[in-house]
Every structure is written in C-alpha cells, then in structure tokens.
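# What the coordinates show
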Amino acid sequence: MKSLAPVSVGLEHGKTVHVEAVNVGYIAAALLLFWSWTWRSAVCTVWCGDPWELLEFLSRMWCWRLTGLFNVPCRLSRSTSHRSAWLPGYRKIFSAAAARWHHTAPESLNCVWQLHGDHLELRYANTLMRFDFVWLRDHCRSASCYNTKTNQRSLDTASVDLGIKPKAVRVDETTLFLTWPDGHVTRYGLEWLVKNSYEGQKQQVMHPRILWNAEIYKQSQIPSIDCQSFLETDEGLKEFLQNFLLYGIAFVENVTPTKEDTEILAERISLIRETIYGRMWYFTSDFSRGDTAYTKLALDRHTDTTYFQEPCGIQVFHCLKHEGTGGRTLLVDGFYAADQVLQQAPDQFELLSKVPLKHEYVENVGGCHNHMIGVGPVLNVYPWNNELYLIRYNNYDRAVINTVPYDVAHRWYTAHRTLTTELRRPENELWVKLKPGKALFIDNWRVLHGREAFTGYRQLCGCYLTRDDVLNTARLLGLQA
Ligand SMILES: C[N+](C)(C)CCCC[C@H](N)C(=O)O
Ligand SMILES: O=C(O)CCC(=O)C(=O)O
Ligand SMILES: [Fe+2]
C-alpha cells in the first residue's frame, strides 16, 4: 500500500472527516458506491474506519452533487493524522472538480465563482474577491435583515452560526443568490459586492488629495471663494470644499471682518467645536491664556490640540486687525512631508505611525486651569491600507516620552528628525499674510501652521470645526470625503 501525504477534508461547521488509508480496491469500490447511491448501505463492508464517518461523508458528497456544490470540500488542509490519505488518482479527480469555476448563467461569463471550505471566491469586473460566509450572512440586505428606511441592520449578528455555510449558490448577470441552511435567501448585486468588498475597497482611492509644496500650491492657482457665493450657492460651497479636501487649506474672501461674520461662515459648513478656548475665539498677544499663541513670539509649524484624544479636525483663522510688522502665517502640507519620509525611509515612517506619544496642555494662568492629555502616534494610518489620515505634530506640546523603552525612543528621535527635516524644507513652506476679510480654513489633521513673530496690535478670531460635520457637508454635495 502506497503511503501518501495525509490530507483531511473540511466539512461544515469545522468538522473534519479523516479518511483511513485504504488500498486501491477499496477506493475504487468507494468511488463506485459514491456514484451509485443505491449501494449506500453496503458502504460499511468496504470501509476499514468508522462506518458512520464514511456514511456521513458520502452522504454529504451526494448532497453537494444535488445542490451543485460538489466543490465545497476542496480545502485539502494538511493534517498530522496518520490515518488520512487519498489515492493520487482520486485526489486529482477530486481537486480538479473542486477547482472548477462556475459560470452559472451563460450570460454572466464575466462573473465566475467558486465555493471553498470557508469562503466564497468570486471574480467580477476584473476583481477577485473572497468573502467569509459569516460576512455574507451578516450583510444580507433582505427586508428581515436590513431596514432600508433607516439604513440600519436589523439582523442580530451574534445569532449567526459562526460555522454557517450556504446551502446553495447561484449567480445571474447581476446578482449573487445564496440560500442558507435555514432556507433564508440573501441576494447581492455584483456591483455592490465590488464596491463593498475588501478587495474592491483596496482598489479605490479613499480620499483624493493633491500633496503640495509651495511651488505646487502656487502653480495650482486655487482661487479664494467669494463670501457671498460660499454662503448663498451650493456651487460656491462645493468648490470651496473640493479645494479644501484636495489641498487641506481653502480661503474665503470678502468676509466682513467681525467675529460674528466669521461664525456665520463656519456654520455654513459645520458645527463649531467648542473647546477650552471657547466656541468662537478671539485672541491678541495679551497672554490672557497660558500659551505661546497669546504672545508676539514666532511659532514653529505645528498642528493644534494634539493633547486632545481626537485633535480638532479643522481650524478657522480670520485676522481682524494688524497694525505692525511681521505676523505672517506659515502653512506646510504634513502629508507631503510624510510622503517624502515614506519614500526615503519606510521603516521610519512605520515607527512614527506605531509609537504612541503623549501630548499635554497644562495651564494655570489667571482663572484658567486645564490639564489635557492626548495619546497617539505622530502619523496615524488606517490599518487596512496604510493610508495616512492624521498627523499629530507639536513639539511645544509634546509631553514626556514614557510610552517606549530607550532604544525605541532613540529610533523614534531619528525618525522624528527625518520628518522634521522635510517639514522644514524652505520649498515646502507656504507663507501668507492674513488680512481682514480673508478667512483661512486649515485641515488640522493634515496641514501644519505657524506664524512669524510680530510687532504691534494683532487680533485674530476663529474657531475649530468638527471634522465629521465638514465631511458630512462635503458628502451631501456629492464630493468624495
Ligand atoms: C487657536 N487658539 C488660540 C484658540 C488656541 C491655540 C492653542 C495653542 C496650543 N498650543 C495648541 O497648539 O493646541
Ligand atoms: O497667531 C497665529 O497666527 C496662529 C497662532 C496659532 O498657532 C494658533 O492660534 O493656533
Ligand atoms: Fe496653532
């Protein structure tokens, strides 16, 4: 008897039937019996293992044939059991059948599918997708599972058997049909699957952006949006938001230079995020608060509120008055700089995205007492596609590093230096002088700001916006955000 690599065949609910090593004659007989159902009762006589196991196995094979799911048990997982072995010939036939792609309807030749032991594989619109069975059950859009009025799931996911497997699968030109063991039918539009599958998502650009240095930004000649058009037309607002999403900064001009008018602007696109600085703030160099922002000193590039667990999404600045010199605003695209780090030193990019850091705001000035702590890495990336979505960079407010051991700390300082070098390249610096009437919106998750030291009286007003609400407005206008 030839000894073969042990193989086990996966069945429903994670059960595995181990097939005893048998000789050629037995396998031939088993094959014969398999194809001739009427002989099912005689199985035990040619089986040298547990007869019920074989019976169960063969009956399942029969069911699969009936339901067209013959290829279900194609997961030929390795098993350390000495008992299981297939004859090469049978194994070949078996896996050849298993590897068969289904073109259920002749018209749907652009969609093929294959049912595996633990997932469904489907190729459509040049996308090869793999779906977990629980996922397929969980996302069912039938009336009993999903409320299309509220766009909410009604199905209790915890009630789905984790070993669930469809009883039948069918595909026509547009739709995948799955019948579950309890008879429930799930339908998925093939287009919907491409859009919503992991593989489909990976192909899509999540957030279209134009990374910039000073030259790129200036060359683009992005116009400021007129205040009236911003406030009164959807086109004006949409153009503004499109610029904002692409570049992380956008300007509105011809704004009446008051705090109240600035507030009206802010409210046009979002809810205002009230913080310890108030709702609409208004500041001069009077050191009314315990922060360098409230002085005449220069401020190096940074993002704000790094000491919040969720740093503010958007910052609005409107200079209401400046009688003096200096005080220009510095803007640097943090994502452009981070991208340079990724190109030069991917390991340093990774470190900056992995090492959690604390930022802290401790204030005890006048009647203001605050102690804020926010923890997170400098670069925040989506774990599923590594896309950068938030940069937390403020060397003034960075707290004691005590979240990593000394050697990691040293590597982190090296990576931080690389990023800082990029952020400080003069060609990456966009300098603007904010003037009364021109409001600036900054994506505080992406673009760093700073300011030049100044003399004289300078008055700035503005606010923070909740990011979710800005993106909500953009999506409602049909933008990808
Ligand atoms: C904008 N406004 C003047 C209100 C607050 C400034 C906060 C400054 C702080 N160091 C930070 O970077 O978060
Ligand atoms: O004074 C400025 O131009 C900006 C100061 C600053 O960084 C801030 O208020 O967040
Ligand atoms: Fe700031």
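Predicted model, so just to flag it, every value in this text is computed and none were measured.

## Overview of the UniProt feature "domain: TauD/TfdA-like" (unreviewed entry) in the chain
Under the local residue numbering, the UniProt record ascribes the feature "domain: TauD/TfdA-like" (unreviewed entry) to residues 224-464. Helix makes up 29% of residues 224-464 and strand 32%, whereas the separation of the span's terminal C-alpha atoms amounts to 20 Å.

## Notes on empty space enclosed by the protein
Under the criterion given, the structure shown has four cavities of 30 Å³ or more. Considering the residues around the second largest cavity, the lining is formed by H359, V378, R392, Y393, N394, N395, R398, W412 and H416. Of the residues belonging to the lining of the second largest cavity, the class tally is three nonpolar, four polar and two charged.

## Examining the sheet that holds strand β9 (residues 168-171)
The strand order β9-β10-β11 describes an open sheet built from three strands, whose pairing is antiparallel. Edge strands, defined here as strands with exactly one partner in the open sheet, are β9 and β11 (185-189). Sheet twist, expressed as the mean angle between neighbouring strand axes with direction ignored, is 15°.

## Here's the deal with helix α12 (residues 346-354)
Taken together, the buried positions of α12 are Q348, F349, L351, L352 and S353. Buried-residue contacts for α12 involve α11 (334-344), β21 (379-381) and α13 (406-423).

## Topic: the environment of F240
Along the chain, the position of F240 falls in helix α9 (residues 234-247). For F240 and I276, which are 36 residues apart along the polypeptide, the C-alpha to C-alpha distance reads 28 Å. If we ignore the near neighbours within four places in the chain, the residues touching F240 are I225, F230, A250, F251, V252, I269 and F441.

## Side note on the packing of aromatic side chains
Ring pairs (aromatic) are described by centroid distance and by the angle formed between their planes. Applying the stated criterion across every chain yields a total of 21 aromatic pairs. Each ring, one from Y188 and one from W192, has its centre 5.4 Å from the other, and the planes form 15°; the classification is stacked. Note on Y188: relative accessible area 2%, which makes it buried. Ring plane angle 90° and centroid distance 5.2 Å describe the contact between Y307 and F308, whose orientation is recorded as edge-to-face. An identical accessibility class is assigned to Y307 and F308; each is buried.

## Focus: the pairing of strand β4 (residues 111-115)
For β4, the buried fraction is high: five of the five residues fall into the buried class. Neither face of β4 is open: one carries C111, W113 and L115, the other V112 and Q114, and all of them are buried. Judged from the five bridges that link them, β4 and strand β5 (residues 119-124) form a sheet pairing that is antiparallel. For C111, the partnering residue across the bridge sits in β5 and is Y124. Where β4 folds back onto β5 in an antiparallel hairpin, the turn is made up of three residues.

Definitions and cut-offs
- Every chain is numbered on its own, with residues counted from 1 as its sequence reads.
- Here chains are named by letter from A upward and ligands by number from 1 upward, in the order in which they appear as written.
- Since the coordinates come from a predicted model, pLDDT governs what is reported: local features require at least 70, and pairs of side-chain atoms require 80 or more to be given and counted, while whole-chain, interface and lining totals use all residues.
- Calculation of side-chain values draws on the structure's entire complement of heavy atoms; hydrogens and water are dropped beforehand.
- UniProt positions are given in the numbering used here, feature names are shortened, and annotations may be inferred rather than shown by experiment.
- In this description a helix means any DSSP run of H or I spanning at least four residues, a strand means any run of E spanning at least two, and both kinds are numbered starting from the N terminus.
- Detection works on a 1 Å grid of protein atoms alone, calling trapped sets that fit a 1.4 Å probe cavities and calling open sets with protein on both sides within 12 Å along at least five of seven lines pockets, with lining residues defined by an atom within 4 Å of a point.
- Grid points are joined across faces, edges and corners, and a volume is the space filled by probe spheres set on the points.
- Polar here means any residue other than Ala, Val, Leu, Ile, Met, Phe, Trp, Tyr, Cys and Pro, which are nonpolar, and Asp, Glu, Lys and Arg, which are charged; Gly is therefore polar.
- In this scheme, strands are said to pair when DSSP sees at least two bridges between them.
- Note on geometry: axes are lines fitted to C-alpha atoms, helical ones only across the stretch in contact, with angles between N-to-C directions running from 0 to 180 degrees.
- Classification of residues uses two cut-offs on accessible area relative to the type maximum, computed with a 1.4 Å probe and protein chains only: under 20% is buried, over 50% is exposed, and between them is partly exposed.
- Only heavy atoms enter the contact rule, under which two residues are in contact if any of them lie within 4.5 Å.
- Stacked, edge-to-face and tilted are the three classes for Phe, Tyr and Trp ring pairs, Trp counted by its six-membered ring, which pair at centre distances within 6.5 Å; planes under 30 degrees apart are stacked, over 60 edge-to-face, the rest tilted.

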